[in-house]
Amino acid sequence: MQMLNTRTPRPARRFWHGARSSRLTAIAILLPPGLILFSLFVILPLTESGYYAFFDWNGYGTPEDYVGLRNFERIADHSVFHTAVGNTAKIIAVSLFIQMPLALFLALLIYRKTPTNALFRLIFFVPYILAEVAAGLIWSFVFDGNYGVTASIARSMGQESFFILADRDWAFVAVMTVIVWKYFGFHMMIYIAALQGVPEDLIEAAKIEGAKRPQIVRYVQIPQIRPAIIVSAFFAIIGALQVFDVIIPLTNGGPSNQTQTIVTYLYSFGLTRLKIGFGSAVGVLLFLAAILVAVFYQRLFMKGSRP
Amino acid sequence: MADVQLAGITKSFGGVTVIPGLDLKVPDGSFTVLVGPSGCGKSTLLRMIAGLESPSAGEIRIGGTDVTDAEPSDRGISMVFQSYALYPHMTVAQNIDFGLRLAKVPAAERATRVAEAARILSLEPYLDRKPGQLSGGQRQRVAIGRSIVRNPEVFLFDEPLSNLDAALRTQMRVELAQLHQSIGATMIYVTHDQVEAMTLADQIVVMKDGRIQQVGAPMELYDRPASEFVAGFIGSPKMNLLPGRAIERDDVKTVGIRPEHLHIADDGQWRAAAKVVETLGADTIAYMDAEGLGEIIVRLPGHMRLKAGERLGLSPEIANLHYFGHDGHRMEHVA
């Protein structure tokens, strides 16, 4: 027995032992900063808002007025919330079916590395670089019925000037136009990077096989950039769920709450009215929606995109 | 099947002319190999024949038809790329089938033609696999299959074997030669490997700096190289190119002698010391230092034992000496 106890470890075991202890040291040093920050600024607020969602609370003092699911019931019954959800769904649809195809079309036009293309890439990317609030303000001037560009155009065509942002039916169309304008450059850049990675040989081989430009796009380029398209769709949906700061300077959710999205709804009916419990409940629903998208994305696309 | 004729083909990129006026005739049914060092313009020339690059000037005719400005798909050609250029998201069958689908060939005929190509190239077990699941040699076969299935008049190959290992390259070389024999189509093949050129071609075109140095059958180039460049490029180990004083001639700038045309002789006119000896089995290749002449390579019988540092006399076969003048060209009738 003594012999066994005094036996020195074999070199391989010593190596693994060493590797494991150095890994543990690395974890002990590197993990805490990230874990503490993430816990403080993500996990804690998330859990807290999950807790506040069951209270009628104005944000001051300790929440005491427990209301159970009443906040959620009020949200479910609120017609403005329905409009906000509908609008968010419209933004998702416009992002997927107008913004992304537009971005792909432009990317296909300018993905090759030439000086002219670089200039156009820059022009198309500028809206994305602009701060959301600045973009919202610029477009609120553009859409202004008295002095805006659209008003001048309408007048030059002999039409009466039009306050589109004050129109219940058209205001959200204007908002969606701004959203497409603001974010298509981002998606375009994802596609450009992906298209530049498609081997030129594949395209040349297709040309020799008799493929015309649309066929090359359909059969070679789009299948090749499929992972990029999936990622861009994911960003488009998550981004649509979060749309807020473009809308505030443009319409502030109006007219008559016709341009509310889930986040502007949370802001208008939760924060600005000091109904933190109610706002938290909206936040919880938004979080669940984002989780749902992430899980669907994982299930539907990540498996397929693995080689 | 068709011949290919190039007349006055020029290619410039910006201000740089890479091919300054080139004429070439590729006979119907021939296996023509364009060979030359990197950057000599051989791939550019092939791409112009394919229609992937437009010539700056000149005319390209395939089967007598001017195709200079025709689309690649309207030229009756197919091309096998160095990288294989297979579509990774399609199966082997879909890859082979792609051109036929684009041409709206009926499904039944497509199936027959794909099956035939798969049979010729022994690809039947792999038709449902994706290219990523195949070995290099199998991928190359798929690329060739994609070419065959369209029944082109001219096959173009752009260094198709350069990504394969040595053993596979030799095997594929034999398969390509057999393919040419069986289908008899015109084939134009680009390579920088002169062994591939010698073994595959019935016509070799040696290029340098965008110009054709010599066109001819492999043994014609081997036996009668038109210039010092061709002499040094064709043949492995390469021809010894020695200064004219080796044969005591002032009018000859360079005299060439192939390694197999040198013999060991005690009274040989050149004295040399062995530096490195490579025993290949059938042959022994000796890299020697000839007094006053520089390095000289000698091909000796396989069982010849020679030690590094050993000094010998070397005697060339006079009939197999090649003489090159000060302009680098072959000198005929040198007594």
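Position numbers for residues count from 1 along each chain, tracking the sequence in the order it is written. Whichever chain is written first is A, and whichever ligand is written first is 1; the rest continue in order. Local features are withheld for residues below a pLDDT of 70 in this predicted model, meaning they are given only at 70 or higher, and side-chain atom pairs are given and counted only at 80 or more; totals for whole chains, interfaces and linings count all residues.

It is worth spelling out the overall build of chain B at this point. Strands are runs of DSSP state E lasting at least two residues, helices are runs of H or I lasting at least four, and both sets are numbered from the N terminus onward. Looking only at helices and strands, chain B features eight helices and 18 strands. A principal-axis box enclosing the C-alpha atoms of chain B has dimensions of 75 × 45 × 35 Å. With C-beta atoms placed from the backbone, a residue is buried if 20 or more other C-beta atoms are within 10 Å of its own, exposed if 12 or fewer are, and partly exposed between those counts. Counting all 335 residues of chain B, 40% fall into the buried class. Once C-beta atoms have been placed from the backbone, residue pairs whose C-beta atoms lie within 7 Å are recorded as contacts. Long-range contacts, defined as pairs at least 24 residues apart, comprise 62% of the intrachain contacts of chain B with a sequence gap of at least 6.

Turning next to the packing of helix α4 (residues 79–110) of chain A against helix α8 (residues 171–196) of chain A. Packed helices, taken two at a time, are described by the angle between their axes plus the distance between the axes. Residues and elements named next belong to chain A. With their axes 7 Å apart at the nearest point, α4 and α8 run at an angle of 45° to one another. By the criterion of interaxial angle, the relationship of α4 to α8 is oblique. In this structure, α4 crosses over α8, and the sense of that crossing is right-handed. In the scheme used here, Gly and all other residues not listed as nonpolar or charged are polar, with Ala, Val, Leu, Ile, Met, Phe, Trp, Tyr, Cys and Pro taken as nonpolar and Asp, Glu, Lys and Arg as charged. Residues that form the contact of α4 with α8 fall into these classes: 20 nonpolar, three polar and one charged. Note on geometry: axes are lines fitted to C-alpha atoms, helical ones only across the stretch in contact, with angles between N-to-C directions running from 0 to 180 degrees. Just so you know how the angles are binned, under 35 degrees is roughly parallel, over 145 roughly antiparallel, 65 to 115 roughly perpendicular, and the rest oblique. Each helix crossing is assigned a hand: it is left-handed if the near helix lies turned anticlockwise from the far helix by less than a right angle, otherwise right-handed if that turn is clockwise.

Here the focus is the nonpolar core. Among buried residues, those of type Ala, Val, Leu, Ile, Met, Phe, Trp, Tyr and Cys that are joined through C-beta atoms within 7 Å form a set called a nonpolar core. Grouped together as the largest cluster of nonpolar side chains are 97 residues, with contacts concentrated most on Val33, Leu34, Ile49, Val154, Leu156, Ile188 and Val206 of chain B. Those residues within four positions of Val206 of chain B in sequence are excluded, and the remaining contacts are Val35, Gly36, Gln213, Gln214, Leu221, Val230, Phe233 and Ile234 of chain B. In terms of nonpolar packing, the next biggest core, distinct from the first, is built from 55 residues, Trp57, Trp139, Ile247 and Phe278 of chain A among them.

Our focus in this paragraph is the domain arrangement of chain A. One can read the domain layout of chain A as domain 1 (2–50) and domain 2 (78–305). The straight-line distance from the C-alpha centre of domain 1 of chain A to that of domain 2 of chain A is 42 Å. Domain start and stop points were drawn from an automatic or database domain assignment.

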